[in-house]
Amino acid sequence: MFTSKKWLFGGSALVVTLAMSGTVAFAAGHKESFAQSYQAHVATEAQLMNEVQTTNLTTSETDLLSVVQDIGQQVGNLYNVEQNLIQERSSIPVLNERPVINHKLLNKLEKHRQAILRNNEHAWQLVIDYSHHPRKKGELAAAIREHNMDSKELLKVDKRIARVQDNGQLSNWHKYPYHDSMASLYNTILRLQNAEIHYTRVLLSMEKTSQSGTTVTTTGSTYGN
């Protein structure tokens, strides 16, 4: 049983403090969209937590509350990591680097792509020719299969070419000092915040059920999971 909201917020002090301050200090160079989303999620979670009752909780409610608090703590930790990485970026020396693309592999893939295109065009011409001859249904079916196989192979090669080009861009460590990992970190933080908000709403529904003695249907978080 919990008897104090002060104790409740203790496990997520960073999240609540940031929300109550009304503003969040974000380091220079921070993506504005991430900053805005993070701040909005912090404010939403703080508002929901203010609605949580901290006395006479059932075992299930207590367990879920612990999960919510732990998610909030992990979000705070990851946010600190993100802030440190942004600040430390200025300490990384500026090197005159250019993207290093594997041109040998890229040329090989481009030649393979051109060969597939030629085969694909030939197969499609056969499809057109055989479609005008009712007695060549077998040949028509074979031409269609070949055309479809070539089309699938072309998609695979295009994806490989894109990866080679992307990897070349990521070799520019000045432009991507953390090998483009920050985008994944932003996404992880926001998704964990969504989870925290979602489970807090579930907790509130459980509390209403316990208080009313009736079944309350919970709706999914508008922020997703």
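None of the values given here were measured: they were computed from a predicted structure.

Asks: Hey, could you go over the overall build of the chain for me, with residue numbers and the actual values?
Replies: The number of helices and strands found in the chain is 7 helices and 0 strands. Listing each helix as α and each strand as β along the chain from the N terminus yields α-α-α-α-α-α-α. By the burial criterion, 33% of the 225 residues in the chain qualify as buried. Here the chain has roughly 14,300 Å² of accessible surface; of this, 53% comes from carbon and sulfur atoms.

Asks: Can you break down the nonpolar core residue by residue, with the values?
Replies: Membership of the largest hydrophobic core comes to 13 residues, with the highest contact counts inside it found for Phe34, Tyr38, Val75, Met182, Tyr186 and Ile189. When contributions to this core are tallied by element, the ones reaching two or more residues are helix H3 (32–51), helix H4 (59–88) and helix H7 (182–212).

Asks: Lay out helix H6 (residues 137–170) in plain terms, naming residues and giving numbers.
Replies: Compared with the 50 Å implied by 1.5 Å per residue over 34 residues, the 50 Å span of H6 between its first and last C-alpha is a close match. Buried residues along H6 sit against helix H5 (103–130).

Asks: Could you give me a rundown of the pattern of salt bridges, with the residues and numbers involved?
Replies: Tallying each qualifying case throughout the model produces 1 salt bridge. When the shortest N-O distance is used, the salt bridge between Asp158 and Arg113 registers 2.5 Å. Here Arg113 lies in helix H5 and Asp158 lies in helix H6, a separation of 45 residues in the sequence. Residue classification places Arg113 among the partly exposed residues on the basis of a relative accessible area of 22%.

Asks: Kindly report on the packing of aromatic side chains, identifying the contributing residues and their values.
Replies: Taken as a whole, this structure holds 3 aromatic pairs when the rule is applied. Centroid distance Phe34 to Tyr186: 4.6 Å. Interplanar angle 25°. Geometry classified as stacked. Pair noted here: Phe34 is in helix H3 and Tyr186 is in helix H7, with a separation of 152 residues, a long-range link. Ring centres of Tyr38 and Tyr79 lie 4.3 Å apart, and the angle between their planes is 10°; this geometry places the pair in the stacked category. One end of the pair, Tyr38, is in helix H3; the other, Tyr79, is in helix H4, and 41 residues separate them in sequence. What makes Tyr38 buried here is its relative accessible area of 0%. You can call Tyr79 buried: its relative accessible area is 4%. Cluster of aromatic residues (ring-pair linked, three or more members): Phe34, Tyr38, Tyr79 and Tyr186.

Asks: Got a sec to walk through the packing of H5 against H6? Specific residues and values, please.
Replies: Direction vectors running N to C along H5 and H6 enclose 160°, while the axes themselves pass 8 Å from each other. If you check the angle between H5 and H6, you find them roughly antiparallel. Note that H5 runs across H6; the crossing there is left-handed. Of the residues contributing to the contact of H5 with H6, the split by class is 17 nonpolar, 6 polar and 8 charged.

Asks: Go over H3, please, and point to the residues and values.
Replies: Between its first and last C-alpha, H3 extends 29 Å over 20 residues, near the 28 Å set by a 1.5 Å rise per residue. Along H3, the positions that sit buried rather than exposed are Phe34, Ala35, Tyr38, His41, Val42, Thr44, Glu45, Ala46, Leu48 and Met49.

Asks: Tell me about the environment of Met49, residues and numbers included.
Replies: Among the secondary structure elements, Met49 is positioned in helix H3. By relative accessible area, Met49 is classed as buried at 5%. Residues Met49 and Thr200, 151 residues apart in the sequence, show an inter-C-alpha distance of 7.1 Å.

Asks: How would you sum up a positive patch on the surface? Please name residues and give values.
Replies: Taken together, the side chains of Lys104, Lys108, Lys159, Arg160 and Arg163 make up a positively charged region of the molecular surface. Counting only elements with at least two residues in the positive patch, the list comes to H5 and H6. Sorting elements by how many residues they give to the positive patch places H6 first, with 3 residues. Tracing the chain through its elements places Lys159 in helix H6.

Asks: Describe the confidence of the model for the chain, and please don't skip the residues or the numbers.
Replies: The predicted structure's coordinates, where accompanied by low pLDDT, should not be read in detail. The predicted model of the chain has a mean per-residue pLDDT of 81, with 80% of residues at 70 or higher. Per-element mean pLDDT across the chain ranges from 36 in helix H2 (residues 13–21) up to 96 in H4. Counted against residues more than four places away or in other chains, residues 1–30, with its pLDDT under 50, gives 60 contacts. Low pLDDT, under 50, characterises residues 215–225; the predicted model gives this stretch 20 contacts beyond four residues in sequence or across chains.

What counts, and where the lines are drawn
- Chains are numbered independently. Their residues run from 1 in the order of the written sequence.
- Totals for whole chains, interfaces and linings use every residue, but because this is a predicted model, local features are given only for residues with pLDDT of at least 70 and side-chain atom pairs only at 80 or more, for both listing and counting.
- With hydrogens and water set aside, each side-chain value is computed from the structure's full complement of heavy atoms.
- Going along the chain from the N terminus, every DSSP run of H or I of four or more residues is numbered as a helix, and every run of E of two or more is numbered as a strand.
- For every residue, the accessible area obtained with a 1.4 Å probe (protein chains only) is divided by the maximum for its type, and the residue is called buried under 20%, exposed over 50%, and partly exposed between those limits.
- To be clear on the numbers: accessible area is Shrake-Rupley with a 1.4 Å probe, and residue cover counts the displayed protein chains and nothing else.
- Think of a nonpolar core as a cluster: buried Ala, Val, Leu, Ile, Met, Phe, Trp, Tyr and Cys residues, connected wherever their side-chain atoms sit within 4.5 Å.
- A helix is expected to reach a length of 1.5 Å times the quantity of its residues less one.
- Between two residues, a contact is recorded if the distance between any of their heavy atoms is within 4.5 Å.
- Salt bridges are defined as contacts in which a side-chain nitrogen from Lys or Arg sits within 4 Å of a carboxyl oxygen from Asp or Glu.
- Stacked, edge-to-face and tilted are the three classes for Phe, Tyr and Trp ring pairs, Trp counted by its six-membered ring, which pair at centre distances within 6.5 Å; planes under 30 degrees apart are stacked, over 60 edge-to-face, the rest tilted.
- For helices, the fitted axis covers only the stretch in contact; all axes are lines through C-alpha atoms, and the angles between them, taken along N-to-C directions, range from 0 to 180 degrees.
- Roughly parallel here means an angle under 35 degrees, roughly antiparallel means over 145, roughly perpendicular means 65 to 115, and every remaining angle is called oblique.
- In this scheme the crossing of two helices becomes right-handed for a clockwise turn of the near helix relative to the far one and left-handed for an anticlockwise turn of less than a right angle.
- For this classification, the nonpolar set comprises Ala, Val, Leu, Ile, Met, Phe, Trp, Tyr, Cys and Pro, the charged set comprises Asp, Glu, Lys and Arg, and every other residue, Gly included, is treated as polar.
- By definition, no residue in a patch forms a salt bridge, and every one has over 30% relative accessible area; like charges are joined within 9 Å, nonpolar side chains (Val, Leu, Ile, Met, Phe, Trp, Tyr) within 5 Å.
- The convention is simple: Lys and Arg are positive, Asp and Glu are negative, and His and the chain ends are not counted.
- By convention, the charge on Lys lies at NZ, on Arg at CZ, on Asp at CG and on Glu at CD.
- As a per-residue quantity, pLDDT reports the predictor's confidence and falls between 0 and 100.

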